[in-house]
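# Structural overview for review
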Amino acid sequence: MTKKKPPMYNLFSRRDFVKSAAITGLGLGMGAHSVQAGAFLKEPKPLIKEKGMRVLFQGDSITDGNRGRNMDPNHIMGHGYAFSIASRIGAEFPEKGWKFFNRGISGNTVTDLQERWTKDALELQPDLLSVLVGINDASQHVRNPEKDPQFELFENAYRDILTQSRAQNPELIIVLGLPFVYPIGNRMEDWGLYEKDVLRRQEIVKKLAGEYDALLVDYPAAFDKAMERAAPEYWIWDGVHPTVAGHEIMAKAWLESVAEKFPFLGGI
């Protein structure tokens, strides 16, 4: 019996974004580092620095990948897409001297990231910041559908951490990943709520990518394409967490997007 494929998300490319001229409403939960993001919205500059880049991956369990919590280099990047990206770039271009950091924490929402942003982001002084977050925010809503989904809080908190980072480093390269979910396993029970919620958070991430001139990684589109070749469970075993093969799909999508700034990454 042929398995029914999950709905395909209708996602827009980065070229379709319209930049915001000003940003307001940073109010909810802003830390001491918060400033108006409009000050940092400017035309992209040609990339100058290619050596010694400090690359930080931030997010939830998908990024965490069961990473080590000490400096043991055998486990420090975890076993997910962040590991695959770091291992490829490190092996192919050791002369570039890139350094990689993984600070994803399982179960985190965007407000969790906000609370630990100084220690786990600003103090690491990244040159490239990659963020994937949103599925735990959605899960909180699905588990408590009678409560407000807090989309405004999600947007404001996300904008705050990006503003803090751009304030620290005006030349920071920002990479935002679209959150995703598929009707597999336990997600089937509340699929209608999951789909609607995550689609809304995807639109917020797209909006922020436009405001901050960020590179956008369309993970849902990459998985949709992969699911034309194999069943959804082959790539994402529980509807949220990728398999080994699924993490490779994510790594490829990330590299393809970031190659826009670093052409030497194309094809690795």
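Residues numbered from 1 in each chain as written. Predicted model: local features only at pLDDT ≥ 70, side-chain atom pairs only at ≥ 80, totals over all residues. Heavy atoms only, no water.

## Considering empty space enclosed by the protein
- Within this structure, the stated rule accounts for 1 cavity of 30 Å³ or more.
- In this structure, the largest cavity occupies an estimated 40 Å³ of space.
- What lines the largest cavity is simply Asp60, Ile62, Leu132, Val133, Gly134, Ile135, Pro179 and Phe180.
- The class makeup of the residues in the lining of the largest cavity is 6 nonpolar, 1 polar and 1 charged. (1 Å grid on protein atoms, 1.4 Å probe; cavity = no way out; pocket = protein on both sides within 12 Å on 5 of 7 lines; lining within 4 Å. Points joined across faces, edges and corners; volume = space filled by probe spheres on them. Nonpolar A, V, L, I, M, F, W, Y, C, P; charged D, E, K, R; others polar.)

## What about the sheet that holds strand E4 (residues 173-177)?
- In spatial order, the strands read E2-E1-E3-E4-E5; together these 5 strands make up an open sheet with parallel pairing. In this open sheet, the two edge strands, each paired with only one partner strand, are strand E2 (99-102) and strand E5 (215-217). On average, adjacent strands in this sheet sit at an angle of 15° to one another, irrespective of strand direction.
- With 4 bridges joining them, strand E1 (residues 54-59) and E2 adopt parallel strand pairing. When the bridges of E2 are listed, Val55 appears paired with Phe100.
- Packed on one face of the sheet, helix H6 (residues 151-168) meets strand E3 (128-132) and E4 and runs near 160° to E4. (Pairing = 2+ DSSP bridges. Helix = DSSP H or I, 4+ residues; strand = E, 2+ residues; numbered from the N terminus. Axes fitted to C-alpha atoms, helices over the stretch in contact; angles between N-to-C directions. Contact = heavy atoms within 4.5 Å.)

## Remarks on the packing of helix H5 (residues 135-143) against helix H7 (residues 191-211)
- Contact geometry of H5 with H7 gives a least axis separation of 9 Å together with a crossing angle of 140°. Here H5 lies oblique to H7, going by the angle between them. In this structure, the crossing between H5 and H7 has a hand that is right-handed. The segment H5 lies against H7, with Ile135, Asp137, Ala138, Ser139, His141 and Val142 engaging Leu193, Tyr194, Asp197, Val198 and Arg201.
- When its residues are assigned to classes, the contact of H5 with H7 shows 6 nonpolar, 2 polar and 3 charged. (Parallel < 35°, antiparallel > 145°, perpendicular 65-115°, else oblique. Left-handed = near helix turned anticlockwise from the far one by under 90°.)

## Regarding H7
- With 21 residues, H7 should cover 30 Å at 1.5 Å per step; its first-to-last C-alpha distance of 30 Å lies within 8% of that length.
- Residue Asp213 follows H7 closely and has a positive phi angle near 50°. (Expected span 1.5 Å × (residues − 1).)

## Concerning the pattern of salt bridges
- All chains considered together, the criterion is met by 11 salt bridges.
- Taking the shortest distance from any N to any O, the salt bridge between Lys96 and Glu50 comes out at 3.0 Å. Residue Lys96 is located in the loop between helix H2 (81-92) and E2, and its partner Glu50 is located in the segment before E1; the two are separated by 46 residues in the primary sequence.
- Since its relative accessible area comes to 14%, Lys96 is described here as buried.
- Here Glu50 falls in the partly exposed class, since its relative accessible area comes to 29%.
- Its salt-bridge partner being Lys206, residue Glu203 comes within 2.7 Å of it at the nearest N-O pair. Of this pair, Glu203 and Lys206 both sit in helix H7, 3 residues apart, which is roughly one turn of that helix.
- One connected set of salt bridges, linked through shared partners, spans Glu155, Arg159, Lys207 and Glu211. (Salt bridge = Lys/Arg side-chain N within 4 Å of Asp/Glu carboxyl O. Buried < 20%, exposed > 50% of the residue type's maximum accessible area, 1.4 Å probe, protein only.)

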